[in-house]
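# Summary of structural features
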Amino acid sequence: MATNTLSAAFRKIDVDQYNEDNYREDEVADSQSPPAAPDENEITQLLNQGNSLEALKVVLRNAPLTSKNPQVKESALNLTMKVLMSFKSSQVDEAVNSLDVEMIDTLMKYIYKGFEFPSEKRCGQLLLWHEKVYSVGGVGSIVRVLTDHKRA
Amino acid sequence: MCEKYSFGVHPITCHSWNKDRTRIALSPNNHEVHVYNRSSGEWQLTDVLDQHDLRVTGIDWAPKTNRIVTCAADRNAYVWSPCEDGKWKPTIVFLRLNRAATCVKWSPEENKFAVGSGAKLISVCYFNEGNNWWVSKHIKKTIKSTVTCLDWHPNNTILVSGSTDFRVRVFSCYVKEFEESSATTKWGNKAGLGHILAEFSNSPLGGGWIQGVSFSADGNRLCWVSQDSSICLVDITKGTQVHKLRTEFLPFLSCLWVGPNAIVVSGHDCCPMLYTVDGSGQLQFAFKLDISQKKEAGGLSAMRKFQSLDRQARLEISDTELETIHQNTITCLRCYEGSNGSVGKLSTSGVDGQLVIWDLQPLEKSIKGLRI
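I will try to describe carefully the structure that is included in this document. This one's a predicted model, so the numbers in the text were calculated from it and none came from an experiment. (Residues numbered from 1 in each chain as written. Chains lettered and ligands numbered in written order. Predicted model: local features only at pLDDT ≥ 70, side-chain atom pairs only at ≥ 80, totals over all residues. Heavy atoms only, no water.)

## So, the sheet that holds strand E23 (residues 262-267) of chain B
One key point about sheets: their strands pair by backbone hydrogen bonds, in either a parallel or an antiparallel sense. Residue and element names in this part refer to chain B. Strand order in the open sheet formed by 4 strands is E22-E23-E24-E25, and the pairing between neighbours is antiparallel. The open sheet has two edge strands with one neighbour each: strand E22 (252-259) and strand E25 (283-288). Here the average twist between neighbouring strands, direction ignored, is 30°. One ladder, built from 6 bridges, connects E22 with E23; its direction is antiparallel. Bridge pairing in E23 places Phe-252 opposite Gly-267. (Pairing = 2+ DSSP bridges. Helix = DSSP H or I, 4+ residues; strand = E, 2+ residues; numbered from the N terminus. Axes fitted to C-alpha atoms, helices over the stretch in contact; angles between N-to-C directions.)

Following this line, the structure appears as structure tokens:
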């Protein structure tokens, strides 16, 4: 190998910026109504009542996937993690089975997002969730975590 | 239930049959196209079409006029006409592209063909008698990325394309020079070449390269498969609403209407699957075409054990084998018996170098109450 290729810095160059007619996604749809975000008070209330399943459905239904605001996304992620951690291991199966396909996909996105910020307690729980969601959503739900542009 | 043939260890990029299915043209993932003749179950290589410089990406054999069109990463297309000695004579078609051609398809009347490419355009080609030359016209409108798949409407003047900008577009493909006006369809009035009739986004969540598109036999319904493992359906008689089914499988690469309400899809899962369309236009999983069972490992003898340990450094050798007939991605799906919309048998080829012909009838019978 030539010595000058030992440097890996060139891999980080964004070559697309030199392409004039680069592909840009339509931004039109995003500027419309601001995407919903889960209401923290509502979730906390549901969790305090011990109604984790309903809380999970609310966070997944209102997930701000289309939002471009990092703060909204982060608070939604933290909220979702809080809800996921509130489940007992024995309840996970039942919870996953009561979700529809779209919620399963959204949940899978949050599980992978959760893996990006690992902590000891969280990862064990997330792996359990991952196993259960995978058994329902199959590899298709993982594929959609990778392909969908509106991410968690 | 199905016939299996192997064409070596190389992947089969794509394949295409002649009219009576006695011959097949396939590309072994390089710049060549091999034409085989089948006589009494044996495949005989009759000709190698080797004009392309780079990897062949598309082959289509016109049944009526018996011509083969091929396109490749070298940005060219060739139309091959048969000679009396069984060989094929090439005619080059300059597509005027600056990127690789990705797919090619004859129109139903076989008087023109369309080529998709990485140059964000579709080249529609027809033969000009006066110049003895294939003329190529470009459709560029609103395409923002590589065109990956194409299909013709049965009326010969409408073309659908799928591309990596996550969109499916329906174009008018009516060439004024030599075509008479055709009746209007549900897709819209006839207009000049390249006029966009409809445009669909693959997913409200963005993403998902379109991998395969297909018109139904009446041309009113359109289905496509994409990289987000989903199958989408549009029925233009009922509006432009997209019915999307997110499946639990790996992404599909091609789709084909096998009945008025049935679609077969195949791709990275190595197993063709049949989906049906119900009255409300929703897609439903019906069955897998591949019903082979995992082979029982015939007793773990000491010899086998140490042989496998020696060769592969593991005890079990069976875990490298898939349960399906195809051992790798299915890249091409073609009708073998019947026609679009009423397929009796279909053929698949893939990265494992296999060609498999599937019979739908026994499967249909074995599943009670199912009508394709």
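## Digging into the environment of Lys-288 of chain B
Residues and elements named next belong to chain B. Relative to the assigned elements, Lys-288 resides in strand E25. Spatially, the C-alpha atoms of Lys-288 and Cys-232 are 18 Å apart, while their sequence positions differ by 56 residues. For Lys-288, the residues in contact, after removing those within four places along its chain, are Phe-249, Cys-271, Pro-272 and Met-273. (Contact = heavy atoms within 4.5 Å.)

## Side note on helix H6 (residues 120-147) of chain A
Owing to its 3.6 residues per turn, the α-helix brings residues three or four apart onto one side. Here H6 of chain A is 28 residues long, yet its end C-alpha atoms lie only 28 Å apart, well below the 40 Å a rise of 1.5 Å per residue gives. Taken as a whole, H6 of chain A carries its principal kink of about 105° at Gly-137 of chain A. (Expected span 1.5 Å × (residues − 1). Bend = angle between axes of the 7 residues up to and from the residue.)

## Quick look at the packing of helix H2 (residues 52-61) of chain A against helix H5 (residues 101-116) of chain A
Residues and elements named next belong to chain A. Direction vectors running N to C along H2 and H5 enclose 85°, while the axes themselves pass 9 Å from each other. Taken as axis vectors, H2 and H5 run roughly perpendicular relative to one another. Here Leu-56, Lys-57, Leu-60 and Arg-61 of H2 lie close against H5, whose contacting residues are Met-103, Thr-106, Leu-107 and Tyr-110. By residue class, the composition of the contact of H2 with H5 is 5 nonpolar, 1 polar and 2 charged. (Parallel < 35°, antiparallel > 145°, perpendicular 65-115°, else oblique. Nonpolar A, V, L, I, M, F, W, Y, C, P; charged D, E, K, R; others polar.)

## Observations regarding the packing of helix H3 (residues 70-85) of chain A against H5 of chain A
All names here are of chain A. Following both chains from N to C, one finds H3 and H5 inclined at 100°, their axes separated by 10 Å at the closest point. Our classification of the angle between H3 and H5 gives roughly perpendicular. Contacts between H3 and H5 involve Ala-76, Leu-77, Thr-80, Met-81 and Leu-84 from the former and Leu-107, Tyr-110, Lys-113 and Gly-114 from the latter. Its residues placed into classes, the contact of H3 with H5 shows 6 nonpolar, 2 polar and 1 charged.

## Here we look at the interface of chain A and chain B
Listed by partner, the interface residues are 21 residues for chain A and 19 residues for chain B. For the interface between chain A and chain B, the tally reads 2 salt bridges. Notably, a salt bridge pairs Asp-105 of chain A with Arg-246 of chain B, separated by 3.5 Å at the nearest N-O pair. Along the contact surface separating chain A from chain B lie 7 residue pairs in polar contact (both at pLDDT 80 or more). At the level of elements, H5 and H6 of chain A are the ones that each hand at least two residues to the side of chain A that touches chain B. Looking at the side of chain A that touches chain B, the element that brings in the most residues is H6 of chain A, giving 8 residues. For the side of chain A that touches chain B, a count of residues per class yields 6 nonpolar, 5 polar and 10 charged. (Salt bridge = Lys/Arg side-chain N within 4 Å of Asp/Glu carboxyl O. Polar contact = N/O pair within 3.5 Å; in protein donor to acceptor, adjacent residues only side chain to side chain.)

## What about the sheet that holds strand E4 (residues 33-39) of chain B?
All names here are of chain B. Strand order in this open sheet of 4 strands is E2-E3-E4-E5, and the pairing throughout is antiparallel. Two strands in the sheet have a free side with no partner beyond their single neighbour: strand E2 (15-17) and strand E5 (42-49). Between one strand and the next, the sheet's axes are offset by a mean angle of 25°, whatever the strand orientation. Two strands pair when backbone bridges link them, and E4 and E5 are joined in this way by 7 bridges, in the antiparallel orientation. Residue pairing across strands places Val-33 opposite Leu-49, the latter belonging to E5.

## Some details on the pattern of salt bridges
All names here are of chain B. Counted under the stated rule, the structure contains 17 salt bridges over all chains. We note a salt bridge from Glu-177 to Lys-137, for which the minimum N-O separation is 3.2 Å. Here the residue Glu-177 occupies a position in the loop between strand E16 (167-172) and strand E17 (196-201), and Lys-137 occupies one in strand E13 (residues 133-139), the gap between them amounting to 40 residues. The class for Lys-137 is partly exposed, based on a relative accessible area of 29%. (Buried < 20%, exposed > 50% of the residue type's maximum accessible area, 1.4 Å probe, protein only.)

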